Protein chains: 2
Amino acid sequence: MTTTQELTQAEAAYVDEIAEFFVGEGLPLIAGRVIGWLLISDPPEQTPAQLTAALQVSRSSISSAMRLLTPSGLVERTRRRGDRSEYFRIAPEGWSRMLMRRYSQTTAFREVTERGLELLAGAEPARRERLEQVTDLYRFLESELPALLERWRSRQQGGRP
Amino acid sequence: MTTTQELTQAEAAYVDEIAEFFVGEGLPLIAGRVIGWLLISDPPEQTPAQLTAALQVSRSSISSAMRLLTPSGLVERTRRRGDRSEYFRIAPEGWSRMLMRRYSQTTAFREVTERGLELLAGAEPARRERLEQVTDLYRFLESELPALLERWRSRQQGGRP
DNA sequence: CAGTCGTTGCAGTAATAACTGCAACGACGG
DNA sequence: CCGTCGTTGCAGTTATTACTGCAACGACTG
């Protein structure tokens with residue numbers, strides 16, 4: 001049986017604080033709350049049923065939220081052996097995975113600006129200058145950001161062979 | 001007099017391509033189009049009137065878009081001496097300024113996760129672990145990202161005392 | 001096979017947001 | 001002082017989206 005978990009006032013407030021942040025990032029409210037709760041929930045792994053109980057929302061909403069959150073790599077599904085139910089949790093590598101993904105649109109944008117330079121192929125240099133500058137910047141980021149995250153990841157597991 | 005500027009089909013398509021990208025980032029469509037057009041417009045500086053003509057939108061929308069775009073530092077207002085009208089353009093330092101601003105929410109988020117650790121002050125280490133990990137990551141980024149951008153900026157103007 | 005659990009799709013509602021068009025305002029140049 | 005230009009606020013329209021509740025489905029357990 002699943003013990004229906006009640007959030008304390010402080011916990012609920014904190015979950016909303018986290019949610020508010022991700023809403024600002026473009027996520028729907030419930031998805032933000034899921035992240036918030038998964039960050040502080042007492043068992044770090046939570047079944048969909050537990051999430052609906054804790055956050056007081058419909059099962060559909062939880063399901064939609066997970067469909068939204070898992071592709072980014074922040075939240076992942078786990079199963080326990082001998083347990084049919086599914087668990088969700090914040091992936092240990094979730095944050096860096098999420099950032100990796102976000103940084104990958106750096107590449108997407110650079111491709112767009114390069115296409116702009118093709119469009120202005122015949123134009124005077126002065127007109128092309130803006131696109132050239134931003135292309136340069138994004139190329140720079142594209143080469144540096146993955147290395148940055150890699151540096152962090154190796155520092156995290158540092159010393160472990 | 002303001003020459004009413006017609007965008008070629010290719011230009012309009014490219015403006016929309018850029019706009020689509022920024023819509024994905026959460027910007028309204030028109031603001032995205034303004035960025036797109038300011039990236040390739042023949043005079044890089046454009047008056048509000050020129051923008052309404054080029055993008056075929058109401059003056060209100062242009063005004064709102066500028067109110068939205070200028071605080072981030074991407075777009076800036078310029079004036080020419082002896083010319084009462086106002087010009088907008090992509091700021092030369094606009095992109096790095098915009099990224100600076102975006103990175104600053106790294107700090108905001110770290111503060112939220114730290115507040116979470118206060119909330120879980122009495123909890124077992126296993127429960128605090130998630131928040132500790134993400135706090136560590138964001139502290140790392142917080143220290144590295146500004147340096148990264150600074151490196152680019154100095155590389156841009158390299159050699160100039 | 002019966003029961004449970006999670007997913008998915010759909011209809012309906014409510015809230016939000018973008019955009020337009022209009023009107024009023026202030027600043028400035030001729 | 002008149003005309004132009006940009007800004008701002010507001011009403012109204014339209015489109016989008018989040019969320020709920022329900023129903024159907026498949027997978028798996030006991």
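Residues numbered from 1 in each chain as written. Chains lettered and ligands numbered in written order. Predicted model: local features only at pLDDT ≥ 70, side-chain atom pairs only at ≥ 80, totals over all residues. Heavy atoms only, no water.

S.K.: Please explain the domain arrangement of chain A as it appears in this structure.
M.R.: Many authors give the size of an interface as the accessible area that is lost as the parts come together. All names here are of chain A. Under the domain assignment, chain A is made up of domain 1 (9-90) and domain 2 (94-156). A separation of 32 Å is found between the C-alpha centroids of domain 1 and domain 2. Around 640 Å² of area is buried between domain 1 and domain 2 when both sides are counted, 60% of it from carbon and sulfur atoms. Area buried by domain 1 at its contact with domain 2 is led by Ser72, Gly73 and Leu74, which between them contribute 52% of it. The tally of links between domain 1 and domain 2 comes to 2 salt bridges. Glu76 serves as the salt-bridge partner of Arg97, at 3.4 Å between the closest nitrogen and oxygen. (Domains from an automatic or database assignment. Buried area = accessible area lost by both parts, 1.4 Å probe. Salt bridge = Lys/Arg side-chain N within 4 Å of Asp/Glu carboxyl O.)

S.K.: How should I be thinking about the layout of surface pockets in this particular structure?
M.R.: Empty space within the largest pocket amounts to approximately 1200 Å³. Along its surface, the largest pocket is lined by 28 residues, and Gly24(A), Glu25(A), Glu25(B), Arg102(B) and Gln105(B) are the ones closest to its centre. When residues of the lining of the largest pocket are traced back to their parent elements, those giving at least two are α1 (9-24), α4 (59-69) and α5 (94-119) of chain A together with α1 (9-24), α4 (59-69) and α5 (94-119) of chain B. Classifying every residue of the lining of the largest pocket by side-chain character gives 14 nonpolar, 8 polar and 6 charged. (1 Å grid on protein atoms, 1.4 Å probe; cavity = no way out; pocket = protein on both sides within 12 Å on 5 of 7 lines; lining within 4 Å. Points joined across faces, edges and corners; volume = space filled by probe spheres on them. Helix = DSSP H or I, 4+ residues; strand = E, 2+ residues; numbered from the N terminus. Nonpolar A, V, L, I, M, F, W, Y, C, P; charged D, E, K, R; others polar.)

S.K.: Quick question: what am I supposed to make of the protein's contact with DNA strand D here?
M.R.: Lining the immediate environment of DNA strand D, one finds 17 residues, of which Ile30(A), Ser58(A), Ser60(A), Ser61(A) and Arg77(B) sit closest. Taken together, the sugar and phosphate atoms account for 78% of what DNA strand D places within 4 Å of the protein. Taking Ser60(A), its side chain carries an N or O atom lying 3.0 Å from a base nitrogen of DNA strand D. Interatomic distance of 3.0 Å between a side-chain N/O atom of Arg67(B) and a phosphate oxygen of DNA strand D. Contributions of two or more residues to the surface near DNA strand D are made by α2 (29-40) and α4 of chain A together with α3 (48-55), α4 and β2 (86-90) of chain B. (Near = heavy atom within 4 Å. Polar contact = N/O pair within 3.5 Å; in protein donor to acceptor, adjacent residues only side chain to side chain.)

S.K.: Just to check I follow, could you spell out the protein's contact with DNA strand C for this structure?
M.R.: Every one of the 18 residues lining DNA strand C counts as a neighbour, but Arg67(A), Arg77(A), Ile30(B), Ser60(B) and Ser61(B) are closest to it. Each atom of DNA strand C within 4 Å of the protein was assigned to sugar, phosphate or base; sugar and phosphate come to 82%. Taking Ser60(A), its side chain carries an N or O atom lying 3.4 Å from a base oxygen of DNA strand C. Taken together, the elements giving at least two residues each to the surface near DNA strand C come down to α3 (48-55), α4 and β2 (86-90) of chain A together with α2 (29-40) and α4 of chain B. Residue composition of the surface near DNA strand C, by class: 7 nonpolar, 6 polar and 5 charged.

S.K.: What should I look at first to understand the side chain of Ser72(B) in this one?
M.R.: Residue and element names in this part refer to chain B. Among the secondary structure elements, Ser72 is positioned in the loop between α4 and β1 (75-79). Reaching out from Ser72, the side chain makes a polar contact with the backbone nitrogen of Leu74 at a distance of 3.3 Å. Those residues in contact with Ser72 that lie beyond four places of it in its chain are Arg97, Met98 and Arg101. (Contact = heavy atoms within 4.5 Å.)

S.K.: Looking at this structure, how should I read the relation of the copies chain B and chain A?
M.R.: Between the two copies of the chain lies a relationship made up of a rotation around an axis and a movement along it. Here chain B sits on chain A after a turn of 180° about the axis and a move of 0.0 Å along it, with an RMSD of 0.0 Å. Viewed as a symmetry operation, the transformation between the two copies matches a two-fold axis. No C-alpha of chain B lies nearer the rotation axis than that of Gly26(B), which sits 3.3 Å from it. Looking at the interface residues of chain B, 100% of them are also at the interface in chain A, so both copies use one shared face. (Least-squares fit on C-alpha atoms with pLDDT ≥ 70 in both.)

S.K.: Would you mind going over the pattern of salt bridges with me for this structure?
M.R.: Close approach of charged atoms allows side chains of opposite charge to pair. Using the criterion set out here, one finds 28 salt bridges over all chains in the structure. In this structure, Arg128(A) and Glu132(A) form a salt bridge, with 3.4 Å as the shortest nitrogen-oxygen distance. Taken together, the positions of Arg128(A) and Glu132(A), both in helix α6 (residues 125-156) and 4 residues apart, correspond to about one turn of that helix. The buried category is assigned to Arg128(A), whose relative accessible area is 18%. Put simply, Glu144(A) and Arg151(B) hold a salt bridge, and the shortest N to O gap is 3.3 Å. On the criterion of chain membership, the pair formed by Glu144(A) in helix α6 and Arg151(B) in helix α6 (residues 125-156) is interchain, its members lying in two chains. Arg151(B) sits in the partly exposed class, given a relative accessible area of 42%. Three or more residues are tied together by salt bridges with common partners; here these are Arg110(A), Glu114(A), Asp136(A), Arg139(A) and Glu142(A). (Buried < 20%, exposed > 50% of the residue type's maximum accessible area, 1.4 Å probe, protein only.)

S.K.: Honestly, the nonpolar core in this entry has me stumped. Any pointers?
M.R.: One finds Ile35(A), Trp95(A), Leu141(A), Ile35(B), Trp95(B) and Leu141(B) to be the most contacted residues of the largest nonpolar core, which totals 88 residues. Discounting residues that sit within four places of it in the chain, Leu141(A) has contacts with Thr106(A), Pro146(A), Leu99(B), Tyr103(B), Leu148(B) and Leu149(B). (Core = buried A, V, L, I, M, F, W, Y, C linked by side-chain atoms within 4.5 Å.)

S.K.: Is there a simple way to think about the packing of aromatic side chains in this case?
M.R.: One pair of aromatic rings is described through two measures. These are the centre distance and the angle between the planes. Summed over all chains, the structure comprises 14 aromatic pairs over all chains. An aromatic cluster is built from Phe21(A), Phe22(A), Trp95(A), Phe109(B) and Tyr138(B), whose rings are joined through pairwise contacts. (Phe/Tyr/Trp six-rings, centres within 6.5 Å; stacked < 30°, edge-to-face > 60°.)

S.K.: Hey, could you run me through the interface of chain B and chain A in this one?
M.R.: Contacts between chain B and chain A engage 47 residues on the former and 47 residues on the latter. Here chain B and chain A share an interface that buries about 4500 Å² over both sides, 65% of which is from carbon and sulfur atoms. Applying the counting rule to chain B against chain A returns 6 salt bridges. The salt bridge involving Glu17(B) is made with Arg115(A); its shortest N-O contact spans 2.4 Å. Joining chain B to chain A, the criterion identifies 18 residue pairs in polar contact (both at pLDDT 80 or more).

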